[in-house]
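# Understanding the architecture of this molecule
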Amino acid sequence: MDRIFDKKGYLSEILPAYEFRNEQLAMSAFILERLYESENGVIEAGTGTGKTLAYLIPAILYCLENDKKITVSTETKTLQKQLIDKDIPIVKEIFSTYFNMDFSFSICLGGSNYPCRMRFEAVLRAGKVHAGDLNKFKKISRLFNSREIFTNFDLNLPAYLWDEIKREGDSCNAQRCAFASGCAFQMARRQWGQSHCLVMNHHLFFANIASGKTYLPPFDIVVFDEAHSVEEIAAAQIGFNLGYRELLDIVNRFRGDTRQSLIQNIITNERLRSRCIDSIAKVIPEINAFYEDMRKLMPEGKNSIRIRDRVASGNQLIELLKECMTLMAEADRGIDDENPWRTEFDIARGKLFNYIESLASFVFQHNANYVYWIERDSDTLFGDVSLRGQPVDVSEIVNREIVTFYDSSIFVSATLAVDGDFSYIVKRLGIEHHKMLFLESSFDYKIQAVLYIARDIPDPADGAYNEQASTHAAGIINLLKGNCLMLFTSYKTLREVRKIMSGLIDYTVYSQDISSATDALDQYIKHENAVLMGTHSFWQGLDLHGDLVRGVIMMKLPFAVPDSPPVEAKMERIVAEGKDPFYGFQIPEAVIRFKQGFGRLIRSSTDRGIVAVLDSRILRKSYGKYFLKSVPECRIVHSIRELEETYF
Ligand code: SF4
């Protein structure tokens, strides 16, 4: 590793702006050792350590030297693309230039990102192409004939069209499919099987586990980047999210009274057809009645409600849905494989089967390790609800399916430890047979950042808090002349503070309660000296360099909302284990989120700025020290006057 990462090493010859960092070298050596020892690794690498190359280089080198295959899993598709376009090509150049070694790598995406030739041909055969879409279909046809791997990122089709031709897992059977040899998805899978290095996101990684590891080819070692988000994504991917519209859409595909009806187009036996039509006609009012009951359970002004007992009103719906399934199975036996409606029929049946399985889990509260709840959908005007279920604790699953399954699993993030201690994340993810490494940020926070802590401010529960916190925030924003990010823990506080601050600052505010997170961020980047206000998604993942963020203002310490069903269930589990849920769950979760928020400020060695914490509990309460000791040391001030003197 020295020869690569040294001051005058190979990286310095390839990258003109390369800066030697002790932390980066230490991390790469640590990972190589874990892999050779077949151990697991947990690493916190503070911002600026160059963690991506520090795990890619030793991991790929180890795989090439030992004929192993590696998977790198990161949080989002954007980060996946960054690895593929920017970081892995650097590693490839190092290996080919200095070691005469080559390796192959692939990006892995979920199946619905790939087109399905069989569905495409079925749409053509059924004459379902609108005149306005003909050119798009010609382009897709050309791409299929080129036998290249392509996805909807290359096509950018409107959703209504993509839904008609995308791969559907329920209908895709390569053994039975006449188009499998030239299929983009099957070609991608063959490429994954031959690649040394696979790059995916955590959602796909855990969807593969939920599918019994049938989607991805086998591999030997895994590196989780952004490992702080593994637990949350694992629980959601393993669990389910059932929507009212989704069920109606599935059932409506079978209905007997439309031109596109599967029953009308596929079932030739008249008696069976009329039994199917009757069965669907009975189930639709039952779906409406059941979901109406679920909506009524949702208390006014709340976004979710925990379900702890069997939902009796679901029995009848499940019985009727099962009756539909039985009739469809009967119909299936009489359908020719060449029938152009066959694929759609298989897809709809598969979806209905999966829906019934999850609905039964929800209605009968099947799984003792699950938390079940009803959630109000934020993106519908009609107050629709979803039925949710997911594991309370994923540690056993992660331990069984990952930690003890692969040769080595490496967990990396800038925020895993609480005051230098990894025991929280190690327990939550069931990590064992491991070693840990804690690396400070490579940035000079004492020079680059000032921490402003409001001392004379009421407790966040006090009625005067919003008013006074807004005054502090406005003082900082006015001092910095905008370019500030304000982080909130609830929309309610965000809305109230935004209104108060409109009378205190003259800078344009882009806020997540007015537009989507993406739009608010886009607008903020385009407009100088603006203020960006956001909740959960803005605490992590925002990467705004230089002058784009001069100040990060955290309103309250980011404790998880205790009445959120997954949070409540986790806390109950900790109480049942005889432990204190505040110190065993809420503090470590909040500290990790706090570190994420803190990390939004300094993104490069030339950035400078102010982090403000407008929650005096960080000074008054005994737990405040966990927050303060978990972030890099920097100058602390308590008033705008001190800030003026220190910062300028
Ligand atoms: S193999 Fe699957 S995705 Fe490919 S064309 Fe056939 S059904 Fe579609």
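All values derive from a computational prediction rather than experimental measurement.

Moving on, we come to the overall build of the chain. Scanning the chain from terminus to terminus reveals 29 helices and 18 strands. Its C-alpha atoms give the chain a radius of gyration of 27 Å, within 12% of the compact-globule value 26 Å for 648 residues. Taken over the C-alpha atoms alone, the chain extends approximately 85 × 65 × 55 Å along its principal axes. With 648 residues in all, the chain has 54% of them scored as buried. Contacts in the chain between residues at least 24 apart in sequence constitute 77% of all its contacts with a sequence separation of at least 6. Only carbon and sulfur atoms are counted for the fraction: they give 49% of the accessible area of the chain, which is about 28800 Å². Of the charged side chains in the chain, 77 are positive and 86 negative; the average position of the first set lies 3 Å away from that of the second.

Where helix H11 (residues 202-210) contacts helix H12 (residues 230-238), the axes come no closer than 9 Å and their chain directions differ by 45°. Put simply, H11 runs oblique to H12. Judged by the sense of rotation from one axis to the other, the crossing of H11 with H12 is right-handed. Only Val 230, Ile 233, Ala 234, Gln 237 and Ile 238 of H12 make contact with H11, whose side of the interface consists of His 202, His 203, Phe 206, Ala 207 and Ala 210.

Our next topic: the nonpolar core. With 87 residues, the main nonpolar core has Phe 205, Phe 206, Phe 254, Tyr 291, Leu 359 and Phe 362 as its most contacted residues. The residues touching Phe 206, leaving out its near neighbours within four places in the chain, are Phe 224, Val 230, Ala 234, Gln 237, Ile 238, Val 398 and Ile 402.

A word on the domain arrangement of the chain. On domain assignment, one finds that the chain holds domain 1 (2-104 + 195-220 + 406-439), domain 2 (111-187), domain 3 (236-391) and domain 4 (445-647). Each of domain 2 and domain 3 has a C-alpha centre, and the two are 26 Å apart. Taken together, the contact between domain 2 and domain 3 spans nine residues of the former and 13 residues of the latter. Roughly 980 Å² of surface becomes buried between domain 2 and domain 3 when both sides are summed, with 49% attributable to carbon and sulfur atoms. Our count for the domain 2 to domain 3 interface comes out at one salt bridge.

What holds strands together in a sheet is hydrogen bonding between their backbones, with the strands either parallel or antiparallel. Read across the open sheet, the four strands follow the order S6-S9-S8-S7; overall the sheet is antiparallel. Lying at the two open borders of the sheet, with one neighbouring strand each, are strand S6 (240-243) and strand S7 (304-307). This sheet shows a mean twist of 20° between the axes of neighbouring strands, independent of strand direction. Both S6 and strand S9 (residues 385-391) contribute to a ladder of four bridges, which runs antiparallel. Of the residues in S9, the one forming a bridge with Phe 240 is Gly 389.

For the rest of this paragraph, the subject is unusual backbone geometry. Its identity as a non-glycine residue notwithstanding, Asn 156 has a phi of 55°, on the positive side. The class for Asn 156 is exposed, based on a relative accessible area of 66%. The phi torsion at Glu 226 lies on the positive side, around 50°, for a residue other than glycine. Tracing the backbone shows Glu 226 in the loop between strand S5 (221-224) and H12. Using a relative accessible area of 19% as the deciding quantity, one classes Glu 226 as buried.

Once that is clear, we can look at the site of the ligand. Around the ligand, a shell composed of Cys 116, Arg 117, Met 118, Arg 167, Cys 172, Cys 177, Phe 179, Cys 183 and Gln 186 is seen. Of the residues in the shell around the ligand, the class split is six nonpolar, one polar and two charged.

Across the sheet, which stays open at both edges, the seven strands sit in the order S14-S15-S13-S16-S17-S12-S18 with parallel pairing between neighbours. Looking at which strands have only one partner, the edges of the open sheet turn out to be strand S14 (509-511) and strand S18 (635-637). Averaged over all adjacent pairs, the angle separating strand axes in this sheet is 20°, with direction ignored. Note: S14 against strand S15 (residues 531-534), three bridges, orientation parallel. Following the sheet pairing, Ser 511 is matched in S15 by Met 533. In this fold helix H22 (residues 491-501) packs onto strand S13 (484-487), S14 and S15, with an angle of close to 155° to the strand it touches most, S15.

On to the packing of helix H15 (residues 270-297) against helix H16 (residues 314-332), then. At a minimum axis distance of 9 Å, the contact between H15 and H16 shows a crossing angle of 155°. The angle between H15 and H16 places the two elements in the roughly antiparallel class. Here the hand of the crossing between H15 and H16 comes out left-handed. Counting all contacts with H15, which are made through Leu 272, Arg 275, Cys 276, Ser 279, Ile 280, Lys 282, Val 283, Glu 286, Ile 287 and Phe 290, the residues of H16 involved are Gly 314, Gln 316, Leu 317, Leu 320, Leu 321, Glu 323, Cys 324, Leu 327, Met 328, Glu 330 and Ala 331. Partitioning the contact of H15 with H16 into residue classes produces 13 nonpolar, three polar and five charged.

Turning next to helix H6 (residues 117-125). Considered for burial, the residues of H6 that qualify are Arg 117, Arg 119, Phe 120, Glu 121, Ala 122 and Val 123. Here the buried face of H6 lies against helix H7 (134-146), helix H9 (159-165) and helix H17 (342-364). Immediately beyond the C-terminal end of H6, within one or two residues, lies Gly 127, with a positive phi of roughly 65°.

Rules used throughout
- Residues numbered from 1 in each chain as written.
- Predicted model: local features only at pLDDT ≥ 70, side-chain atom pairs only at ≥ 80, totals over all residues.
- Heavy atoms only, no water.
- Helix = DSSP H or I, 4+ residues; strand = E, 2+ residues; numbered from the N terminus.
- Rg over C-alpha atoms; globule rule 2.2 N^0.38 Å.
- Buried < 20%, exposed > 50% of the residue type's maximum accessible area, 1.4 Å probe, protein only.
- Contact = heavy atoms within 4.5 Å.
- Areas by Shrake-Rupley, 256 points an atom, 1.4 Å probe, with all protein chains shown as cover.
- Lys, Arg positive; Asp, Glu negative; His and termini not counted.
- Charge placed at Lys NZ, Arg CZ, Asp CG, Glu CD.
- Axes fitted to C-alpha atoms, helices over the stretch in contact; angles between N-to-C directions.
- Parallel < 35°, antiparallel > 145°, perpendicular 65-115°, else oblique.
- Left-handed = near helix turned anticlockwise from the far one by under 90°.
- Core = buried A, V, L, I, M, F, W, Y, C linked by side-chain atoms within 4.5 Å.
- Domains from an automatic or database assignment.
- Buried area = accessible area lost by both parts, 1.4 Å probe.
- Salt bridge = Lys/Arg side-chain N within 4 Å of Asp/Glu carboxyl O.
- Pairing = 2+ DSSP bridges.
- Near = heavy atom within 4 Å.
- Nonpolar A, V, L, I, M, F, W, Y, C, P; charged D, E, K, R; others polar.

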